[in-house]
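Observations on the model geometry
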Amino acid sequence: MVDLSGVVGVALVALGMVLTPGPNMIYLVSRSITQGRRAGVVSLGGVAVGFLVYLLAANLGLSAVFLAVPELYVAVKLAGAAYLAHLAWSALRPGGVSVFAPADLPRDSPRRLFAMGLTTNLLNPKIAVMYLSLIPQFISLEKGDVLLQGLVLGSVQIAVALAVNLGIVLAAGTLAVFLVRRPTWLRAQRLLMGTALGALAVSVAADTSAPAAPG
């Protein structure tokens, strides 16, 4: 049995994480705007599989690997922080373009859309931190099967993330039109997203916590 407070806690953490601009949001928005909602939904399918990979890996021993080789955990976090810093600079640099600005990008096949969604999520440091350090904090040894608890709580995170991201995919085109007609708002959005990404990059790089031990 999973504790209700754990389910609520994971849901709130997942909501806060998915609403913070990051690689998944940027990729889904850009594809939805340039290639349509269907492309965004296909990309979201790849993101969903990425969540499942992290869910299974974290619950079947990835934390133990990082505990045994802490340098690897640090390397993963720093690589993720560097990626976020790159995204932040792309948004904030002079001449940078908002993710909601229309762009002339080549149309990708459904297979490539799915693969890019999967890759983007697997390289997303926010998801790594969530599965390796945050979700385990809501697991209670007194509640029994630790593996089952981890799978259930991870499923809660996936449900929240997919629901919010689907809303973003469906609304991206409408929001893009709204912002393009208001250049000042478009610049403000770019500044806000770039700042949030930069702050997240610093937070991930400065985090000294270790992954939680499995079971």
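To start, this report covers the structure provided alongside it. Residue indices begin from 1 for each chain and proceed along its sequence in written order. pLDDT decides what is reported in this predicted model: residues at 70 or higher carry local features, side-chain atom pairs at 80 or more are listed and counted, and totals for whole chains, interfaces and linings draw on all residues regardless. To obtain the side-chain values, all non-hydrogen atoms of the structure were used and water was disregarded.

**Brief notes about the nonpolar core**
Residues enter a nonpolar core if they are buried and are Ala, Val, Leu, Ile, Met, Phe, Trp, Tyr or Cys, with the set joined through side-chain atoms within 4.5 Å. Note on exposure labels: buried denotes an accessible area under 20% of the residue type's maximum, exposed denotes more than 50%, and partly exposed covers the range between, all computed with a 1.4 Å probe on protein chains only. By size, the foremost hydrophobic cluster in this structure holds 29 residues, and its most contacted members are Phe51, Tyr131 and Ile135. Where helices and strands are cited, they refer to DSSP runs of H or I of at least four residues and of E of at least two residues respectively, numbered from the N terminus. At the level of secondary structure, the elements contributing two or more residues to this core comprise helix H1 (4–19), helix H2 (23–35), helix H3 (37–68), helix H6 (125–134) and helix H7 (146–180). When residues of this core are assigned to their parent elements, the largest contribution, nine residues, is made by H7. Beyond its immediate chain neighbours, meaning those up to four positions away, Tyr131 contacts Phe51, Tyr54, Leu55, Ala58, Pro136, Gly154, Gln157 and Ile158. We call two residues in contact when some of their heavy atoms are within 4.5 Å.

**Quick look at the packing of aromatic side chains**
Working definition: a ring pair exists when centres of Phe, Tyr or Trp rings (six-membered ring for Trp) sit within 6.5 Å. Plane angles under 30 degrees give stacked, over 60 give edge-to-face, the rest tilted. Evaluation of the coordinates by the stated rule reveals one aromatic pair. Judged by centre distance (6.2 Å) and plane angle (10°), the rings of Tyr54 and Tyr131 are stacked. Here Tyr54 is found in helix H3, whereas its partner Tyr131 is found in helix H6, with 77 residues between them in sequence.

**Overview of the packing of H1 against H6**
A packed helix pair is summarised by two numbers, namely the angle formed by the two axes and the spacing between the axes. The axes are straight lines fitted to the C-alpha atoms, using for helices just the contacting stretch, and the angles between their N-to-C directions are given from 0 to 180°. Put simply, H1 and H6 touch, their axes get as near as 11 Å, and they point 160° apart. Overall, the two elements H1 and H6 adopt an arrangement that is roughly antiparallel. For the element pair H1 and H6, the recorded crossing hand is right-handed. Where H1 approaches H6, its residues Val13, Ala14 and Met17 are matched on the opposing element by Lys126, Met130 and Leu134. When its residues are assigned to classes, the contact of H1 with H6 shows five nonpolar, no polar and one charged. When describing relative orientation, an angle under 35 degrees is termed roughly parallel and one over 145 degrees roughly antiparallel, while 65 to 115 degrees is termed roughly perpendicular and anything else oblique. By the definition used in this description, the sense in which the near helix is turned from the far one sets the handedness, with an anticlockwise turn below a right angle giving left-handed and a clockwise turn giving right-handed. Gly counts as polar in this scheme, as do all residues outside two lists: the nonpolar Ala, Val, Leu, Ile, Met, Phe, Trp, Tyr, Cys and Pro, and the charged Asp, Glu, Lys and Arg.

**Regarding helix H5 (residues 110–122)**
A helix's residues, less one, multiplied by 1.5 Å, set its expected span. The end-to-end C-alpha separation of H5 is 18 Å, in line with the 18 Å expected for 13 residues at 1.5 Å each. Looking at H5, one finds that the buried residues are Leu113, Gly117, Thr120 and Asn121. An end-on view of H5 places all buried positions within 95° of arc, on one side of the element. Directions are taken from the helix axis to each C-beta atom, and the arc is the one they span.

**Examining the environment of Ser140**
As for its position among the elements, Ser140 is in the loop between H6 and H7. Taking C-alpha positions, Ser140 is 8.0 Å from Val2, a pair spaced 138 residues apart along the chain.

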